[in-house]
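# Descriptive analysis of the structure
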Amino acid sequence: MTDDIRRGLPAPPPLGAAALPPGTYAGQVVLVTGGGTGLGKAIAAEFARLGADLVIASRRADQLEAAREELAAVPGAGRVTAAVCDIRDPERVAEVFDAARAASGLPDVLVNNAAANFPSPAEDLSPNAWRAVVDITLTGTWFVTREFGRRHLAAGTPGSIVNIGASYAWTGGPGFAHSAAAKAGVKNLVETLAVEWGPYGIQINGLVPGLFPHADMTGDIRDGLDRAAPDAKDGRQPALRVGAPRELGWAATFLASPYARFVTGHTLVVDGANWQRRALVNPEVVPVREQLGRGPFGG
């Protein structure tokens, strides 16, 4: 095969295109945690484009207000409410649901996007570093999910949950032991709660993003990508391109929509096959410490 016939996967439709019929989410309320920046905001924008009332939650008020204004300007968007929330605090989580109900109604859809992460050799992780990532990514996700489920169970109403996951929930994540362990728990919640809550009309699915560069990526994650593939990120993807954030938003709107009501307990990977093995022979092992430019472990 020569380079001139390797074109990769086609580009997606342009920003502003919708994957579902106009108004699919009209009259519905969608809560997106971590919705003030990055992929959370991109996901929220696609729900807004389909007519949803949005509630975006995040820890930083300044980012939330900027995102609220941006999302309110999306054509087709309903009401957009911003709520400052640390999802590690179950009382504050309950207050966010109260605020959502007062503004637009009980959320019909929950997107658990908020998470924490940074690269580190496992042996360098302090107890506080471990707790910070696991408490936000797994425990915080559970607090928000629990509040959503309990309110719908009490009201006797259906609902849909989408948990943003990571492929290293299956494969392991060298350099990200804390996040990989937490995301494995998030994936298991999908499979467990689909069975427990399905009889009551609550569906839950997972959504795993591949490489979707965006302006809000943290410096350490961006540096890691640059170390792995400077000036060649597209060439390291089987699709020969990276993802556009709107593609993740389209997947989320489908999973939570009336068109996916019989899909529950499933985790959809949207990454252009990037997590699959692609070489006949594995590359030479380079210890994580060396990949991160760390010196020998000193104890």
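Everything discussed here concerns the structure shown above.
Residues numbered from 1 in each chain as written. Predicted model: local features only at pLDDT ≥ 70, side-chain atom pairs only at ≥ 80, totals over all residues. Heavy atoms only, no water.

Okay, the overall build of the protein chain next. When you go through the protein chain residue by residue, the secondary structure sums to 9 helices and 7 strands. Taking 19 Å as the expected radius of gyration for a compact globule of 299 residues, we find that the protein chain reaches 19 Å, a close match to that expectation. In terms of its C-alpha atoms, the protein chain occupies a principal-axis envelope of roughly 55 × 50 × 40 Å. Relative to its full complement of 299 residues, the protein chain shows a buried share of 45%. A separation of at least 24 residues holds for 77% of the contacts in the protein chain among residues at least 6 apart in sequence. Accessible area for the protein chain stands at about 14,600 Å²; split by element, carbon and sulfur atoms hold 56% of it. (Helix = DSSP H or I, 4+ residues; strand = E, 2+ residues; numbered from the N terminus. Rg over C-alpha atoms; globule rule 2.2 N^0.38 Å. Buried < 20%, exposed > 50% of the residue type's maximum accessible area, 1.4 Å probe, protein only. Contact = heavy atoms within 4.5 Å. Areas by Shrake-Rupley, 256 points an atom, 1.4 Å probe, with all protein chains shown as cover.)

Further remarks concern the environment of Val-144. Relative to the helices and strands, Val-144 is located in helix H4 (residues 127-155). Sequence separation between Val-144 and Ala-102 is 42 residues; the distance between their C-alpha atoms is 18 Å. If we skip the residues at most four places from it in the chain, Val-144 touches Leu-31, Thr-33, Ile-87, Val-93, Phe-97, Leu-110 and Asn-112.

With respect to the helices, strands and loops of the structure, Ala-180 is situated in helix H6 (residues 177-197). The class for Ala-180 is buried, based on a relative accessible area of 9%. Along the backbone, Ala-180 and Ala-45 are 135 residues apart, and their C-alpha atoms lie at a distance of 27 Å. Setting aside chain neighbours within four positions, we find Ala-180 in contact with Tyr-168, Ala-169 and Gly-173.

Before going further, it helps to examine the environment of Arg-131. Residue placement: Arg-131 occurs in helix H4. Classification of Arg-131 as partly exposed rests on a relative accessible area of 44%.

Turning our eyes to something else, we now look at unusual backbone geometry. Positioned with a positive phi, Leu-240 is a non-glycine residue whose angle comes to about 60 degrees. Its location among the elements puts Leu-240 in the loop between helix H7 (219-228) and helix H8 (245-255). Take Leu-240: its relative accessible area is 32%, and that puts it in the partly exposed class. Residue Ala-273 is not a glycine yet carries a positive backbone phi of 70 degrees. With respect to the helices and strands, Ala-273 occurs in the loop between strand E7 (267-270) and helix H9 (288-291). Take Ala-273: its relative accessible area is 37%, and that puts it in the partly exposed class.

Scanning the model with the defined rule gives 13 salt bridges in all. Close ionic contact of Asp-86 with Arg-88 constitutes a salt bridge, the shortest N to O distance being 2.9 Å. What makes Arg-88 partly exposed here is its relative accessible area of 32%. The residue Arg-151 makes a salt bridge to Asp-98 at a minimum N-O spacing of 2.9 Å. One end of the pair, Arg-151, is in helix H4; the other, Asp-98, is in helix H3 (residues 90-103), with 53 residues separating them in the sequence. Accessibility expressed as a relative area gives 16% for Arg-151, which makes it buried. (Salt bridge = Lys/Arg side-chain N within 4 Å of Asp/Glu carboxyl O.)

With that settled, the discussion passes to the sheet that holds strand E1 (residues 29-33). Note: strands within a sheet are paired through backbone hydrogen bonds, in either parallel or antiparallel orientation. Taken in spatial order, the 7 strands line up as E3-E2-E1-E4-E5-E6-E7 in an open sheet, and their pairing is parallel. Single-partner strands in this sheet number two, and they are strand E3 (80-84) and E7. In this sheet, neighbouring strand axes are inclined to one another by 20 degrees on average, regardless of whether the strands run parallel or antiparallel. Note: strand E6 (residues 202-209) against E7, 4 bridges, orientation parallel. Note that in E7 the partner of Leu-207 across the bridge is Leu-268. Across the sheet, H3 touches E1, strand E2 (53-58) and E3, and the angle it forms with E3 is around 160 degrees. Against the sheet, H6 contacts strand E5 (159-164), E6 and E7, and its axis sits at roughly 155 degrees relative to E6. (Pairing = 2+ DSSP bridges. Axes fitted to C-alpha atoms, helices over the stretch in contact; angles between N-to-C directions.)

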